[in-house]
Amino acid sequence: SLDFWRLLYALLKQIHGGKWAESDAIDNQIRFVKSALWYHGYGRPELYRLPSDGSAGSRELLLAFSWLLHRLSLLELLLARNRVKTGDETSVCTCEDDLPNSQKGPTEIAPEYGPEDRVDVRYLQWLSGRLRFQWRSLHAQHQEQCKLLHKIHLFTSGSHMDQALGHFSVTETDLIRQPENYQQLLQLLESETLQLEAFLEWKQLEPVYWQWMETVLDNTAEEGSPCEPQGARVGRSGLPGVTPCCPWAGSLTEHIDRLSRDLTALRDQLQKLVTLRKAAWREKVKTREEELQKEGFPAAARKIQESVELKLQDLTSLCAARQSRAHGLRRLALRSKQPVGGSGRGGPARQERGWAAEVAGALQVREAALRRERGRLREQCRRRLEAVAGGLGAVICVSP
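Cut-off values and rules
Residues numbered from 1 in each chain as written. Predicted model: local features only at pLDDT ≥ 70, side-chain atom pairs only at ≥ 80, totals over all residues. Heavy atoms only, no water. Helix = DSSP H or I, 4+ residues; strand = E, 2+ residues; numbered from the N terminus. Buried < 20%, exposed > 50% of the residue type's maximum accessible area, 1.4 Å probe, protein only. Contact = heavy atoms within 4.5 Å. Areas by Shrake-Rupley, 256 points an atom, 1.4 Å probe, with all protein chains shown as cover. Salt bridge = Lys/Arg side-chain N within 4 Å of Asp/Glu carboxyl O. Phe/Tyr/Trp six-rings, centres within 6.5 Å; stacked < 30°, edge-to-face > 60°.

Looking up the protein in an unreviewed UniProt entry gives the name TEDC1 protein, with the organism given as Pampusana beccarii.

Here it is as structure tokens:
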């Protein structure tokens, strides 16, 4: 179990972009693993009850490791982080935070601060200004990096063997300037090749692993958790019979029988209540339908249908945008009017144009959805203003 804790610590440290060392104390490693698993949503409580000295819990650690393999695509994530970088990549993310959905949830209650806990507004303004300055500095550095990258691509254009790309990357340019560094690059490429070979071997044996994990889960369910108290496991296996050494068993059985009868009576009452509520609801719906028929139900139904169609269009465009959203690293390439290896439509297609077209399409879809939402909100505000103006008798409202 101690080796398993260290393995999870090393893997999770790589995922979160931190540096790890074997000299770290084992309790710190275990604390970090538990925090990282809790952050990713692992909810099995038996893992968090394991001791901090790493003396037990090999089965729970195996379950957590398997959960990471399935939930986070652990191996694919590690391969993507440990691959040899060309230096021409940029991080692209067109995903959006579900802010409207989060705003609909329950609002957290703000903590109450006393007079001694108040923060000066000027300090917050200073922090905001400092953050804005650092953001502008980062943006300026990114622009400078793009200019230097463009110079490298422009000066090496037409020199690469890959005619679809046509220019050297940063790593290849540095290798040309400093040939003595090729040995280090060769070692990195060999290490990446070994990792890819191991991953291919794993993909062939993966079904066997998951079949074995099914047996582990079955055994865990049958035996119960080792961290669970003894009384809980006994209570799960059933009530003991009435024996002279257990005089409390008879009264406990009678108490459970009485609770069972109470629950049965409560279920019958709930069924009757549901039947009455359904009948009252049907009567209410019937009355409302008659009122709508008198008030002009076809017009109201037409408006509802138009609103539903707009929502369906937004949903369709949103689903299409999510399918085409780019996320992760993309390699930057020099854009020219004509492909390097051909002219017109007959030239080789560039993969580098694909992600840019996806980003542009996603932004256009998002723009159209926002325009429709803006029109809907404007119409809603106009109706509210008309309703408010209608209640003012001696006031004349002129539209701007």
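Draft legend 1. Seen up close, the overall build of the protein. Helix and strand content of the protein: 13 helices and two strands. Counting the 400 residues in the protein, one finds 20% classified as buried. Residue pairs at least 24 apart in sequence account for 62% of intrachain contacts in the protein once pairs closer than 6 positions are excluded. When the accessible area of the protein is evaluated, it comes to approximately 30800 Å², of which 57% is carbon and sulfur surface.

Draft legend 2. Here's a closer look at the pattern of salt bridges. In the structure shown here, the tally under the stated rule is 10 salt bridges. Two residues, Asp3 and Arg6, come together in a salt bridge whose shortest N-O distance is 4.0 Å. On the criterion of helical spacing, the pair formed by Asp3 and Arg6 is a turn pair, its members being three residues apart in helix H1 (residues 2-15). Residue classification places Asp3 among the exposed residues on the basis of a relative accessible area of 60%.

Draft legend 3. Geometry of the packing of aromatic side chains. A complete count under the given rule lists eight aromatic pairs for this structure. Judged by centre distance (5.3 Å) and plane angle (65°), the rings of Tyr42 and Trp67 are edge-to-face. Residue Tyr42 is found in the loop between helix H2 (26-40) and helix H3 (45-48), and its partner Trp67 is found in helix H4 (residues 58-71); the two are separated by 25 residues along the sequence. A connected cluster of aromatic rings, assembled from ring pairs, spans Trp202, Tyr209, Trp210 and Trp212.

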